[in-house]
Each structure stands twice: as structure tokens, then as C-alpha cells.
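Structural overview for review
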Amino acid sequence: MSHKIVVVYQSLLGIYGDRGNGMVLAKRLQWRDLDAEVVNVEPGEPVPDDGLIYLLGGGEDLAQIAAVKALEADGGLHRGLDAGGVLFAVCAGYQLCGHSFTVGDNDEVFGGLGLLDVETRRGSERAVGEILTHWTRPDGTEDLITGFENHGGFTSLGSDATPFASVEVGVGNGTDGHDGAVQDRVIGLYPHGPILPRNPALADHLLELALGTKLEPIDRPELNAEHERLRQERIRIVRTTRNRAEQTR
Ligand code: GLN
């Protein structure tokens, strides 16, 4: 059986290259000799209800509204989650998973999918730049995550959602010192990059959550070493950039 990584509505939620998250998830399964395919669905096409992982990316406000309408009309994402699929949503995708978000200078309120107990409202300033967060894995160990954020909405969590990570550099949710939210099998957060090529441990976490099993490390020492070298380099760059910004204040 081929595992389906479903990349949802690239024509609406594709302006930040978040489709790279789908490529990484499929590749990390294939490197472990597991069958995987990336399935791209566009509005008007049925969202398959047998996806292993569903991905929503970042996009502009109007596209975000259109994506909610199309997903509600289709129903496949909800069925896929009921069947045990995992949803990983970034930025606009994260916001639209919540109860509501605002759009435009008049802060018009739009309903979201209600998959995460969060609400998004226009923040005090636009959050643009590198972001570095601390993520505690299920086994209690901590990992650093780097990415790039660009959003005007700030997100507040209700009691059914748990923050995903705490922010060291950047803004994230903008309300609580955290970035992202987790609820059941849905994870939403702000960083692009895309985030999964930059943070392979997070990609493996999503796969393990979806498969319900612990995965063996990928048996490619040189590849793993290069990924780790790049990750450490990005962490260094984010921290150096932050320090420079602080010095010029
Ligand atoms: N429209 C949303 C905001 O600005 C999301 C932007 C994005 O996906 N980068 O808050």
C-alpha cells in the first residue's frame, strides 16, 4: 500500500513553497523502503479520505477564505482525519483550522474549520523574519526548530489546544510566547521555509504520529550528517541575526 501525502490546494495555499513539506514526508518514507506518493488536490477535486498526512500551506487572505469554503464543501479532509489521518498546517493553513480569523483593514471575521481550538485576529504589527522555537518531543527531549514567518494575524489558544513550541527568536502566535497549536492529530504553526526540509526531526514526528509506530533512523549517515550540519548553521544564523538587530536598537 502506498502512503498518501496529500498536498491540499497549492493554487490557493502555495505562495511560500510549503509543498516542499509533502516532498520531504514522501521522501523520508521512501528512504526507509516504505511506499509513498504525494497527491496534489485542487479546489473542485475530491480530497481523498485515505491520506496518511494532509498538508495545508500559507497563502493570502482571500485565498484562505476560498480554501475554507472549498474544504467545507468537499468534506474529504474531515473524513480523512476521522479515519486517522494527521493534518499539518502552516500559517494561513494554521489560521483556517481554527474557529475564526480576521481579514482586511476592517477586520472582517471569517469562520474556520474548527479543527483547532484557536482564534486569529490582526496583531499589533506584521511578523516578518526568521523564527527559532524550542519544541519538546513526545519523549521529553527538546529540539530547536528554525523557519521563516510572515503573517499579520496573531493566534490565541483555547483550552482544548496545546502550544506546539516556545519562541526564542521571532513572534509565532504573537499572544503567548509560543508558536503553533496541537490538538488530537492536528498540528498548526507559523514557520515556512518550508519547515520540514529544515527540520527533519519534525517530519519524522509527523510520520510516527500518522503511522503509530517508531521509525528507524534513515540509514544514510552522510545525508543525516549534512541535514544536521545545515540545521545547526541555520540556528547559528538566526541567533546571529537576532543579536545584530538587538545591537542596533
Ligand atoms: N493571511 C494570513 C496573515 O497574514 C496568513 C499569511 C501567510 O500564510 N503567510 O496572517
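Just so we're clear, the structure is a prediction, and the values are computed from it rather than from any experiment. (Residues numbered from 1 in each chain as written. Predicted model: local features only at pLDDT ≥ 70, side-chain atom pairs only at ≥ 80, totals over all residues. Heavy atoms only, no water.)

**Observations regarding helix H6 (residues 200-211)**
Applied cut-off: Comment: elements are numbered from the N terminus, with helices defined as DSSP H or I runs of at least four residues and strands as E runs of at least two. Multiply 1.5 Å by the residue count of a helix minus one, and that product is the helix's expected span. Think of it in three bands: with a 1.4 Å probe and only protein chains considered, a residue is buried below 20% of the maximum accessible area for its type, exposed above 50%, and partly exposed in between.
Counted at 1.5 Å a residue, the expected span for H6 with its 12 residues is 16 Å, and the 16 Å between its end C-alpha atoms agrees. Within H6, burial applies to Pro-200, Leu-202, Ala-203, Asp-204, His-205, Leu-206, Leu-207 and Ala-210. Positive backbone phi, approximately 75 degrees, marks Gly-212, located one or two places after H6.

**A short note on the UniProt feature "binding site: substrate" (unreviewed entry) in the chain**
Counted only if it meets this: UniProt positions are given in the numbering used here, feature names are shortened, and annotations may be inferred rather than shown by experiment. By definition in these notes, contact holds between two residues if any of their heavy atoms fall within 4.5 Å. Residues adjacent in sequence count toward polar contacts only when both atoms are side-chain atoms; beyond that, a polar contact is any pair of N or O atoms within 3.5 Å, and within protein one must be able to donate a hydrogen and the other to accept it.
Listed under "binding site: substrate" (unreviewed entry) in the UniProt record, and renumbered for this structure, are Arg-126. Checked against the element boundaries, Arg-126 lands in strand E7 (residues 118-136). Beyond its immediate sequence surroundings of up to four residues, Arg-126 is in contact with Asn-150, His-151 and Gly-152. Side-chain polar atoms of Arg-126 contact the side chain of Asn-150, separated by 2.9 Å.

**A word on the site of the ligand**
We apply this condition: Summary of the distance rule: residues count as near a molecule or strand when at least one heavy atom falls within 4 Å of that molecule or strand. Each accessible area is a Shrake-Rupley result for a 1.4 Å probe, and residues are judged covered by the shown protein chains and nothing else.
Near the ligand there are 14 residues, and of these Asp-61, Cys-91, Gln-95, Asn-150 and Gly-153 occur at the shortest range. Gln-95 places a polar side-chain atom, nitrogen or oxygen, 2.9 Å from an oxygen atom of the ligand. Between an oxygen atom of the ligand and a main-chain N or O atom of Gly-153, the distance comes to 2.8 Å. Relative to its free-state accessible area of 300 Å², the ligand is covered by the protein chains to the extent of 95%.

**A few points about the environment of Cys-91**
Here Cys-91 lies in the loop between strand E4 (86-90) and helix H4 (92-97). In this structure Cys-91 comes out as buried when scored by relative accessible area, which is 5%. Sequence separation of Cys-91 and His-3 is 88 residues, and the distance between their C-alpha atoms is 25 Å. Not counting the four nearest positions on each side in its chain, Cys-91 is found in contact with Gly-58, Asn-150, His-151, Leu-189, Tyr-190 and His-192.

**Here's the deal with the pairing of strand E1 (residues 3-8)**
Just so we agree on the cut-off: Here, any two strands with at least 2 DSSP bridges between them count as paired. Crossovers are described as right-handed under a simple rule: with the strands pointing away from the observer, the path leading from the first strand over the helix to the second runs clockwise.
Counting buried residues along E1, five of its six residues qualify, which places the element largely inside the surrounding structure. Note: E1 against strand E2 (residues 36-41), six bridges, orientation parallel. Its bridge partner lying in E2, Val-7 is registered against Asn-40. Considered for its hand, the β-α-β crossover made up of E1, helix H1 (residues 20-30) and E2 is right-handed. For E1 and strand E3 (residues 53-56), the ladder comprises three bridges, and the chain directions are parallel.

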